[in-house]
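# Survey of secondary and tertiary structure
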Amino acid sequence: MKKILLACGLGLCSTLAQTQSVDFSSSPQFSVPEIGSGVGLLDQQKERAIGEKVYREVHRQLPVTENPWMEDRLLSVFTHILSQTQLNQPVGLLLINDPQINAFAVPGGLFALNAGLINSARNMDEVAGVMAHEIAHVSQRHYSRSQEAFKGQGLLSLAGILVGALVASQADGDVGAAVMMGSQAALMDKQLTYSRNQEREADRIGMQYMYRAGYNPQSMADFFEVMHRSTSRVSFLPDFWLTHPLTTERMSEARLRANQLPQVKTSLVDQDFEILRWYSRVLSGQATELQLNAMVAQKNYAAELALVSLHIKQGDFSAAQKLLNEAAKQNASHALFTILQTDVLLGQNKTADAVNAVKSSAIIMPENRALNYKYAEALIRNKEYAQAQLILQRFLQANPRDLSGWRLMLQMADADKDASFRSVNVLRYRAEVEYWGGDEERAIKSLLQAQRIAKDSKSLSAKIKQRVDEMQNERKLKI
Ligand SMILES: [Zn+2]
């Protein structure tokens, strides 16, 4: 009860006020149970370190799709739901190229989801329902069987078990093998599955979060049915059911609960989600050219953009351009349109045109990472390094974990042959790419090499030394 009042005090009740006065606090079904004393600053730092560690592990061990446009579309939904809780802002969001429907969140605010989840959902509300369920597991600290475990290494080792189990494709460990055999009992033995009560609590509280964030709670019940029907596909990751056992009881409870809430409209045709879903299907190899062509014949804009991205993937830039000209008749200002147009021009080595294609959109929306990274990429290819660096540094200062940003920094330093300290900077940025990509050892080696080359510059070598120390400390976290 206290949590809800506190949330209201922070001004998070605006969504509640807009709806037909639902008093959560008077309904026992919607009370958030107390979970013991608050989390201190040290714990918060520890959680962040764990979130970052898992971020690196996932990059190292799983097929991550790096795509700023998709990441940020989904991250904004995740952040919005997270703001309904007392949890900190997220470390990041990772897209895993896996056809199975699955998602997980870890303490410290890392969220990972499979392409299969986006590919199977019918609207963003259904994705939001899964996110909210995962967030509820974290906010209720279900990953920790006791407060004691949370204080020490328990949390860290749990994150380790989680990642270990995710690597089912490398089924050498027995958890991996258990996942391959679909043995829930073995997972339970490793304390990986949530208990039946925890599942129900995550459904109940998750639905409350998504509703407060303005999403349709019916979508959670809808998506349970989609998942229930979905057949298991070959996967790197364990099925959602293995870690979150779904019972018919849970399904009907979700529907019942959603029916008790005031109706929230989901637009029947959500073009932006359709664009996201077909684009994801192409990136994850789950859409065929035949399928897309049939939809393009019906002038389906989402399919047009998806087919453009498929042509780009195949290196057929003239077919991509032809289709972009068609799509432009419907909408030439969608961010993904601009990104794909820039990619086509870069593919044709028309670097000045590429800069012009993205420049104005990027400048108008300085907070849009996908547009600005594409702009930076075009600038680098067009040898406008200083301008590219300003953009990249702005985003990396806000989020120093951003692998896509470091990759572009590396590309820039490598291309700028006349820059001073070029080889030092190439090594420094490469170290960040290696580090956030999960190869901590190689990252430290790259930095030590940079430090040797930079030994005549006191300030630069001190800066590098500080970063080496940081990496070495964080590397000691064993999961
Ligand atoms: Zn669950």
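Residues numbered from 1 in each chain as written. Predicted model: local features only at pLDDT ≥ 70, side-chain atom pairs only at ≥ 80, totals over all residues.

### Examining the overall build of the chain
A tally of helices and strands in the chain yields 26 helices and 4 strands. In the chain, 64% of the contacts between residues at least 6 apart in sequence involve partners at least 24 apart. (Helix = DSSP H or I, 4+ residues; strand = E, 2+ residues; numbered from the N terminus. Contact = placed C-beta atoms within 7 Å.)

### Observations concerning the UniProt feature "binding site: Zn(2+)" (unreviewed entry) in the chain
If you check UniProt for "binding site: Zn(2+)" (unreviewed entry), the listed places come out as His-133, His-137 and Glu-199 in our numbering. Taking the farthest pair of C-alpha atoms as the criterion, the annotated set spanning 67 residues converges on one region, since that pair is 8.4 Å apart. Tracing the backbone shows His-137 in helix 6 (residues 124-139). Overall, the presence of 23 C-beta atoms within 10 Å leaves His-137 in the buried class. Residue position: Glu-199 is located in helix 11 (residues 196-212). (UniProt positions renumbered as here; feature names shortened; annotations may be inferred. Buried ≥ 20, exposed ≤ 12 C-beta atoms within 10 Å, placed from the backbone.)

### Thoughts on the pairing of strand 4 (residues 110-114)
Of all 5 residues in strand 4, 5 are buried; the element is thus mostly enclosed. On strand 4, burial covers both faces: Leu-110, Ala-112 and Asn-114 on one face and Phe-111 and Leu-113 on the other are all buried. As defined by bridge partners, strand 2 (residues 92-96) adjoins strand 4 across 5 bridges and the pair is classed as parallel. From the neighbouring strand, Leu-93 faces strand 4, where its bridge partner is Phe-111. Across 4 bridges, strand 3 (residues 103-106) lies against strand 4 in antiparallel orientation. Among the inter-strand pairings, Ala-105 is bridged to a residue of strand 4, identified as Phe-111. (Pairing = 2+ DSSP bridges.)

### Topic: helix 22 (residues 385-398)
An ideal rise of 1.5 Å per residue puts 20 Å on 14 residues; helix 22 measures up with 20 Å between its terminal C-alpha atoms. For helix 22, the elements touching its buried residues are helix 21 (369-381) and helix 23 (403-415). (Expected span 1.5 Å × (residues − 1).)

### Quick look at the nonpolar core
Ile-81, Met-131, Met-210, Tyr-279, Leu-305 and Ala-306 are the most contacted members of the largest nonpolar core, which totals 123 residues. Split by domain, the residues of this core number at least three in each of domain 1 (31-259) and domain 2 (420-479). Once residues lying within four places of it in the same chain are set aside, the contact partners of Ala-306 are Trp-278, Tyr-279, Arg-281, Val-282, Ala-287 and Leu-292. (Core = buried A, V, L, I, M, F, W, Y, C linked by C-beta atoms within 7 Å. Domains from an automatic or database assignment.)

### Things to note about the environment of Asp-353
Examined against the element boundaries, Asp-353 turns out to sit in helix 20 (residues 351-364). Measuring from C-alpha to C-alpha, the distance between Asp-353 and Asn-382 comes to 9.4 Å, with 29 residues separating the pair along the chain.

### Remarks on the packing of helix 12 (residues 218-229) against helix 14 (residues 248-259)
As a packed pair, helix 12 and helix 14 sit with axes 8 Å apart at the nearest point and diverge in direction by 160°. One way to sum up the angle between helix 12 and helix 14 is to call them roughly antiparallel. Along this stretch, helix 12 crosses helix 14, giving a crossing that reads as left-handed. Here Gln-218, Met-220, Ala-221, Phe-224, Glu-225 and His-228 of helix 12 come into contact with helix 14, specifically with Met-251, Ala-254, Arg-255 and Ala-258. A class-by-class count of the residues in the contact of helix 12 with helix 14 yields 6 nonpolar, 2 polar and 2 charged. (Axes fitted to C-alpha atoms, helices over the stretch in contact; angles between N-to-C directions. Parallel < 35°, antiparallel > 145°, perpendicular 65-115°, else oblique. Left-handed = near helix turned anticlockwise from the far one by under 90°. Nonpolar A, V, L, I, M, F, W, Y, C, P; charged D, E, K, R; others polar.)

### As for unusual backbone geometry
Even without glycine at this site, Asn-349 takes up a positive phi of about 60°. Tracing the backbone shows Asn-349 in the loop between helix 19 (335-347) and helix 20. Not every positive phi belongs to a glycine, and Lys-383 is a case in point at roughly 60°. On the secondary structure map, Lys-383 appears in the loop between helix 21 and helix 22.

### Considering the environment of Asp-416
Within the secondary structure layout, Asp-416 lies in the loop between helix 23 and helix 24 (422-436). Sequence-wise, Asp-416 and Ile-380 are 36 residues apart; in three dimensions their C-alpha atoms are separated by 8.5 Å. When neighbours within four sequence positions are excluded, Asp-416 is seen to be in contact with Tyr-385 and Arg-422.

### Some thoughts on the pairing of strand 2
Of all the 5 residues making up strand 2, 5 are buried; the element is thus mostly covered by neighbouring parts of the structure. Because side chains alternate across strand 2, one face comprises the buried residues Gly-92, Leu-94 and Ile-96, and the other comprises Leu-93 and Leu-95, equally buried. Looking at chain direction, strand 1 (residues 64-65) and strand 2 are connected through 2 bridges and run antiparallel. Bridge pairing links Thr-65 to Leu-95 in strand 2.

### Focus on helix 14
Turn by turn, an α-helix covers 3.6 residues, leaving residues three or four places apart pointing in a common direction. The terminal C-alpha atoms of helix 14, which comprises 12 residues, lie 17 Å apart, in line with the 16 Å expected from a rise of 1.5 Å per residue. Those residues of helix 14 that fall on the buried side of the exposure criterion are Ala-254, Arg-257 and Ala-258. The buried residues of helix 14 occupy an angular sector of 95° when the element is viewed end-on, so they sit on one face. What points out from helix 14, more than 90 degrees from its buried face, is the exposed set Thr-248, Glu-249, Ser-252, Leu-256 and Asn-259. Where helix 14 is buried, its residues contact helix 11 and helix 12. (Arc of directions from axis to C-beta.)

### Description of the sheet that holds strand 1
Read across the sheet, 4 strands follow the order 1-2-4-3 without closing on themselves; strand pairing throughout is mixed. Each of the sheet's edge strands pairs with one partner strand only, and the pair in question is strand 1 and strand 3. Across the sheet, helix 6 lies against strand 3 and strand 4, angled at about 30° from strand 3, the strand it touches most.

### Section: the packing of helix 6 against helix 11
Two numbers describe how helix 6 lies on helix 11: the axes approach to 7 Å, and their chain directions differ by 120°. In terms of orientation, helix 6 lies oblique with respect to helix 11. Of the two elements, helix 6 crosses helix 11, and the hand of that crossing is right-handed. On the side of helix 6, the interface is formed by Ala-128, Gly-129, Ala-132, His-133, Ile-135, Ala-136 and His-137, while helix 11 contributes Gln-198, Glu-201, Ala-202, Asp-203, Ile-205, Gly-206, Met-207, Tyr-209 and Met-210.

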